[in-house]
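Residues per chain, in single letters:
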Amino acid sequence: MPGLVLMSQNMPGLVLMSQTNPPVPVNIIGAPGPVNNVPVAPAVAAMTQPRRATGWKLAEEQSCRDDLTRLCPKHTWSNNLAVLECLQDRKELLWNYKLNLTMDPKFESVAMEICKSTITEDIHSQGEVIACLEKALVREAEQQDQAHPIREECKKSIMRVAELSSDDFHLDRFLYFSCREDRERFCENTQAGEGKVYKCLFSHKFEEAMSEKCREALTTRQKLITQDYKVSYSLTKACKADLRKHRCNLDTNMPRAREARLSYLLLCLESAVHRGRTVSEDCQGEMLEYRRMLIEDFSLSPEIVLHCRGEIETHCSGLHRKGRTLHCLMRVGRGDKGSTVDGLCQSALQTLIQSADPGSDYRIDRALNEACESVIQTACKHIRSGDPMILSCLMEHLYTEKMVEDCERRLLELQYFISRDWKLDPILYKKCQGDAARLCHTHGWNETSELMPPGAVFSCLYRHAYRTEEQGRRLSRDCKVEVQRILHQRALDVKLDPDLQKRCLTDLGKWCSDKTGTGQELECLQDHLEDLLSGCGEVVGNLTELQSEDIHIEALLIRACQPVIQSHCHDVSDNQVDTGDVMECLVQNKHQKEMNSKCTVGVTHFQLIQMKDFRFSYKFKMACKEDVLKLCPNIKKKVDVVICLSTTVRNDTLQDVKEQRVSLKCRKQLRVEELEMSEDIRLEPELYDVCKTDIGRLCSNVVFGNAQMMECLKERKKQLSQQCHQRVFKLQEGEMLDPELDYQLMRVCKQMIKRFCTDVDAKNMLQCLKQNKNSELMDPKCKQMITKRQITQNTDYRLNPILRKACKADIPKFCQPILNKASDDSELEGQVIGCLKLKYADQRLSPDCEDQIRVILQESALDYRLDPQLQIHCAEEIPGLCAEEAVAQEQTGQVEECLKANLLKIKHDLCKKEVLNMLKESKADVFVDPVLHTACALDLKHQCAAVTPGRGRQMSCLLESLQDKRVRLQPECKKRLQDRMDMWSYAAKVAPAEGFSDLAMQVMTSPSKNYILFIISLGVIVLFLVGLLCGRITKRVTRELKDR
């Protein structure tokens, strides 16, 4: 042990080294006697010797002379304490000399002379002077006593005397007399020497049976140890070689007082351990004891006492046991008590945590150890006791059923400070020290930089952890795994992210003061992303972007969704690198039976957050980032980016360009995003915002998700506000153009699509389902959904893309007046389709348009709900005249037939006109009259098989067969035909032809068509003959006039 100088006027400079074991202790009353069965005769002899003169030298003693000559340089012989440094074998004499030194009145007089400004009263008891000086030294370090400053040489003298008594507690006379009974009570079997009794008493310091006087004396000695580690004999002896080996005493630029501090020794040796250097087990054992001591008693750290005094008095008084005060200060530092600590106090706490290094062994923190014992025994029993992974295991079980409240609180208090210095996680430091030095310009373990803010190194590491190869330097594999592990654990609490907490302190208070639940603060910040200050918005955005790539950062969400992940997403969740696959899988399986409410809420919330910035959707960002920069610059919101890109794709498709501007990989991912957005109206913010009032008014009992809210708005479309109605119409227009975006249709008809439309293109899916709607194998729910979509399509030709394309020339040609009155965002209520139906009856449509209208006529003839004009104009007649038919679950044309049969009872002209139009349309083709077609199906097969369908030809064939007495039609067919003829006859009377085309149509469909045509033909012949005759007469008269 290096020499330490004791200075005074009356005593020569003495060099002191570590002490040796006293073979002969003194009994508890201070007289010679046996203690612990150790012989005391030599001690008695030594103690009974008269006190020597001031100039007495150890080198003059016969028992020491030979050893002195053999072991010690000659220049040290005149310095008694220098001799102590060399001689270790003649223990009896040396021990008694040190004892006499602490009892010597001459020393007291020297101490009184040097420290007279400190001692204010006459103290003559044995050891009281030394104790007084030691307490004064401690108070000055804590800046509690400024009235009597101690000179530097006096401080050194006090510390050297404390070192003299470090091997045997008998030599500290004040502590010895204060703790005699406690020593017998707690350490009866502990042999004196090598500081063993001190260590035993330290370990029982907070026992209830420990006397307050002894506890106070022990605390004073511990405080001296923290100021100079050499005051601890056992620590000095165990770590002497390691201190020299790791050069912990060679910093010439550092003040000697700091170099001797316990914290410096611990930091230096801990640095060696963390760097993988060898430190002896004895030294590590001693370090562990003193690290635990620092955590247990905050008062041993003068910086804590000095800078945290106010916080202790306000929040943590009366907790001075087993580390409770320190944990209370940690809790205040976290802000859990509604206030924050002073910056100097925060720094002192951080320094203490680094010195104690509880991250390497949780047992150092007794408060944490006791609180978490049950959790460790159940959740972490597979990990060796004292292993650093215990803390990681506890963090993984945070907020789970196995975690207890007290453990949770203690763990978060400690993790708050560990998270502010990446070196305090030993596993992270071991795996990442090379990466941190290479990428983040870090210092050594025991070095700090004021320019490096808390948490900056870890922030640097996790930014590099998620870099792609194209983006440059990345972390090593082992380091990346550790960074991800910690990031997953700390994402549970915003306070464990120093950068986020610092930048978002104002926003947390402004927007999230009431969000105190687990994980709620980060969710709140994400919800208010647009409102956050720029610095906070940036860090929250970056963290959200990381979450989109690695959803395991959302630990609570992953726990809630574990059943779904195991059942449906285990393939992607087992991948070591998550690139957004897990979240995409969860979204796709959002409505599986394994999905619970917590998982659904979490997944939906993440989807909603993703809409704020396209960067928050990792797969979308990676697939489309180049396309976004090229085609949609300066657009940030995901929904706007999706609209921009999808509009580009649609325009390129409609214009049949040779090369799409949007890349193939982006188009594929764009489709995924569009499908996800269709599931919840909240994922389309512009639509949701304008319809929020209508949702509250019309759909308050409908839950979000599964497209149920959107379906509610569609069903109540006529009651919506104008803006909402316009948005819903635009949405439906897009869904009809691309049925795959119709979430409800695709969900309800999922199995039917697999059965009937496996090979059908997605854009023709609804058409395929409509064609198979009346199949016996069709699911009733799917059939009902198809009918809903047909009703929607028939309200406006723009909602039927196939009809719109087939009739693009016919619509402006025949229905322009209706188009002139129409607006872009509201339905025409079937007016254009009604117009085309009439032109179909007149046989004036183009072939493609005629085919589409025929299909619509056939469908609406079976279900009156598919004819919006009929529903509007006959709103009273249908429930009044055909109530029974209208409520039938299966519509097969009963309502239409009822209205036709009750034509004479209909009073409203518009309704009557609609029914007459139905009759007119049915004359054009037997296929648009399902009742008649069904009744006459057999006769059509036998009598009109050779007649080409369409343009009324088969209807004319049936009517001719009815008039032909040689043909025997089926009774039902004959009856239905006769009824139709009567209806047509009545229709002709009440609704005469409005033009030549209507007249021609009535003639061609009349039962007396042949007779009428004969009369018309005869009339034409007569007119021709009359004209011819008149022409010849006129010619003869003209010639006679010329002859004159």
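Residues numbered from 1 in each chain as written. Predicted model: local features only at pLDDT ≥ 70, side-chain atom pairs only at ≥ 80, totals over all residues. Heavy atoms only, no water.

A few points about the confidence of the model for the chain
Part 1 of the argument: Per-residue pLDDT for the chain averages 82, and the proportion of residues at 70 or more is 82%.
Part 2 of the argument: Low confidence marks residues 1–54, where pLDDT is under 50. Its contacts with residues over four positions away, or in another chain, come to 136 contacts. (pLDDT = per-residue confidence, 0-100. Contact = heavy atoms within 4.5 Å.)

Points about unusual backbone geometry
Part 1 of the argument: One non-glycine residue with positive phi stands out, namely R247, at about 55 degrees.
Part 2 of the argument: Within the element layout of this structure, R247 appears in the loop between helix 12 (233–245) and helix 13 (256–259).
Part 3 of the argument: With phi around 50 degrees, D357 is a residue other than glycine that occupies positive phi space.
Part 4 of the argument: Looking at the secondary structure, you find D357 in the loop between helix 19 (343–356) and helix 20 (366–371). (Helix = DSSP H or I, 4+ residues; strand = E, 2+ residues; numbered from the N terminus.)

Focus: the nonpolar core
Part 1 of the argument: Grouped together as the largest cluster of nonpolar side chains are 97 residues, with contacts concentrated most on L262 and L394.
Part 2 of the argument: Leave out the neighbours within four places in its chain, and L394 touches C372, V375, I376, C380, M403, C407 and L411.
Part 3 of the argument: The next biggest cluster of nonpolar side chains, apart from the first, holds 33 residues, and it includes V895, I906, L969 and M983. (Core = buried A, V, L, I, M, F, W, Y, C linked by side-chain atoms within 4.5 Å. Buried < 20%, exposed > 50% of the residue type's maximum accessible area, 1.4 Å probe, protein only.)

Concerning the packing of helix 12 against helix 15 (residues 281–296)
Part 1 of the argument: Running from N to C, helix 12 and helix 15 cross one another at 135 degrees; their axes reach a closest spacing of 8 Å. Classified by the angle between their axes, helix 12 and helix 15 sit oblique to one another. For the crossing formed where helix 12 meets helix 15, the hand is left-handed. Together, S234, L235, A238, C239 and D242 of helix 12 and D282, C283, E286, M287 and Y290 of helix 15 make up the contact between the two elements.
Part 2 of the argument: Within the contact of helix 12 with helix 15, the residues separate by chemical class into six nonpolar, one polar and three charged. (Axes fitted to C-alpha atoms, helices over the stretch in contact; angles between N-to-C directions. Parallel < 35°, antiparallel > 145°, perpendicular 65-115°, else oblique. Left-handed = near helix turned anticlockwise from the far one by under 90°. Nonpolar A, V, L, I, M, F, W, Y, C, P; charged D, E, K, R; others polar.)

Looking at the state of the cysteines
Part 1 of the argument: All told, the structure shown has 26 disulfides when counted by the stated rule.
Part 2 of the argument: One disulfide bridge connects C248 with C268, the sulfur atoms lying 1.9 Å from each other. Taking the torsion about the sulfur-sulfur bond, which here is approximately -80 degrees, the covalent link between C248 and C268 counts as left-handed. Taken together, the positions of C248 in the loop between helix 12 and helix 13 and C268 in helix 14 (residues 262–274) put the pair 20 residues apart, joining distant regions of the chain.
Part 3 of the argument: Classification of C248 as buried rests on a relative accessible area of 0%. (Disulfide = S-S within 2.5 Å.)

Considerations on the packing of helix 54 (residues 894–901) against helix 55 (residues 909–924)
Part 1 of the argument: Packing of helix 54 against helix 55 leaves a shortest axis separation of 10 Å and a crossing angle of 110 degrees. Accordingly, the angle class assigned to the pair helix 54 and helix 55 is roughly perpendicular. Side by side, helix 54 and helix 55 meet where E896, L899 and K900 of the first sit next to V915, M918 and L919 of the second.
Part 2 of the argument: Considering only residue class, the contact of helix 54 with helix 55 consists of four nonpolar, no polar and two charged.

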